[in-house]
Amino acid sequence: MGIWPFKKIASLKDSGMFEGFTDWHSHILPGVDDGIKTLDDSISVLKRFDELGIKKVWLTPHIMEDYPNETEVLRQKFEDLSNAWTGKTELRLASENMLDALFEERLEKRDFLPIGEDGNHLLVETSYFTPPFNLEGILEKIFSAGYFPILAHPERYRYMEEEDYKRLRDMGLKFQLNYVSLVGGYGDTAQKKAEWLLSHDMIDLLGGDLHRLDSVNKFLEQSPRKKDFLDSLKALTSSPIIRS
């Protein structure tokens, strides 16, 4: 009796998921946060995106007390990069907004770089370890201001449990998964949470959260633990919930 044939699960790179892909979260804009530092390195990253077939990437630099980036400065940096980039991958500018005291100041002024072509979604994050004071109250203020919050990398928040995710979904939040979480990019806990969120249809958008090209290249060669998870990623790639 022969051994039952085992078909290896494709790596992220070889899965085909990046053909026509929109990456909703990256730190490619050079010299503004803890991501890519130089224009040349940003161009190298974008060339790799072109090779993968990525159609569009949202550049989402941090706005937080540690990186109090001004909107007009980010727009100028984006223009410089756009002028230097000659490849096919389309560039868009937004921001990743930490829900801290600075955020509440910006909210009063409506001083944001929204994500999505409709201009009314905000990519937001919290500390990985503790929620901000009155998290749900801040989110309600965002909705009241006419924006729809998208929670970046929900799988990475150590303080969040299943009921927290369900409660935030009930409020109307969308979730953006870092796809490298599915191959252990942030450790076993984040991987298990990512798998749970995917299996419960709680993920709306995908992003690489790219800070350095070398680390992402390593994870692109790896495969999720189950083919079902890869199929879910590919389905999200083809059917994003907001206009890219």
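Keep in mind the model is a prediction, meaning the values are calculated, not measured.

1. Concerning helix α2 (residues 71-84)
At 3.6 residues per turn, the α-helix brings residues three or four places apart onto the same side.
Next up, step 1: The first and last C-alpha atoms of α2 sit 20 Å apart over 14 residues, in line with the 20 Å expected at 1.5 Å per residue.
Next up, step 2: All buried positions along α2 are accounted for by T71, L74, F78 and L81. Relative to the axis of α2, the buried residues are bounded by an arc of 90° and lie together on one face. More than 90 degrees from the buried face of α2, the exposed residues found are E72 and N83.
Next up, step 3: The elements touched by buried residues of α2 are α1 (39-52), β2 (56-59), β3 (62-63), β4 (90-93) and α3 (101-109).

2. Points about the packing of aromatic side chains
Next up, step 1: A complete count under the given rule lists 11 aromatic pairs for this structure.
Next up, step 2: Ring centres of W24 and W58 lie 6.0 Å apart, and the angle between their planes is 5°; this geometry places the pair in the stacked category. You can see W24 sitting in the loop between β1 (22-23) and α1 and its partner W58 sitting in strand β2, a full 34 residues away along the chain. Exposure class is identical for W24 and W58. Each is buried.
Next up, step 3: Summarising the aromatic geometry, the rings of F103 and F112 are spaced 5.2 Å apart at their centres and angled 35° between planes, so their arrangement reads as tilted.

3. Some remarks on the sheet that holds strand β8 (residues 174-178)
Next up, step 1: If you trace the 6 strands from one edge of the open sheet to the other, you get β3-β5-β6-β7-β8-β9, paired in parallel fashion. The open sheet has two edge strands, β3 and β9 (205-207), and neither has a second partner.
Next up, step 2: One ladder, built from 3 bridges, connects strand β5 (residues 96-98) with strand β6 (residues 121-125); its direction is parallel. Across the sheet, E96 pairs through a bridge with L123, a residue of β6.

4. Some words on the environment of L81
Next up, step 1: Topologically, L81 is positioned in helix α2.
Next up, step 2: Look at L81 and you get buried, because its relative accessible area is 0%.
Next up, step 3: In sequence terms L81 and G208 are 127 residues apart; their C-alpha atoms lie 19 Å from each other.
Next up, step 4: If we ignore the near neighbours within four places in the chain, the residues touching L81 are I28, L29, P30, L39, S42, I43, L46, L59 and L91.

Criteria and cut-off values
- Residues numbered from 1 in each chain as written.
- Predicted model: local features only at pLDDT ≥ 70, side-chain atom pairs only at ≥ 80, totals over all residues.
- Heavy atoms only, no water.
- Helix = DSSP H or I, 4+ residues; strand = E, 2+ residues; numbered from the N terminus.
- Expected span 1.5 Å × (residues − 1).
- Buried < 20%, exposed > 50% of the residue type's maximum accessible area, 1.4 Å probe, protein only.
- Arc of directions from axis to C-beta.
- Contact = heavy atoms within 4.5 Å.
- Phe/Tyr/Trp six-rings, centres within 6.5 Å; stacked < 30°, edge-to-face > 60°.
- Pairing = 2+ DSSP bridges.

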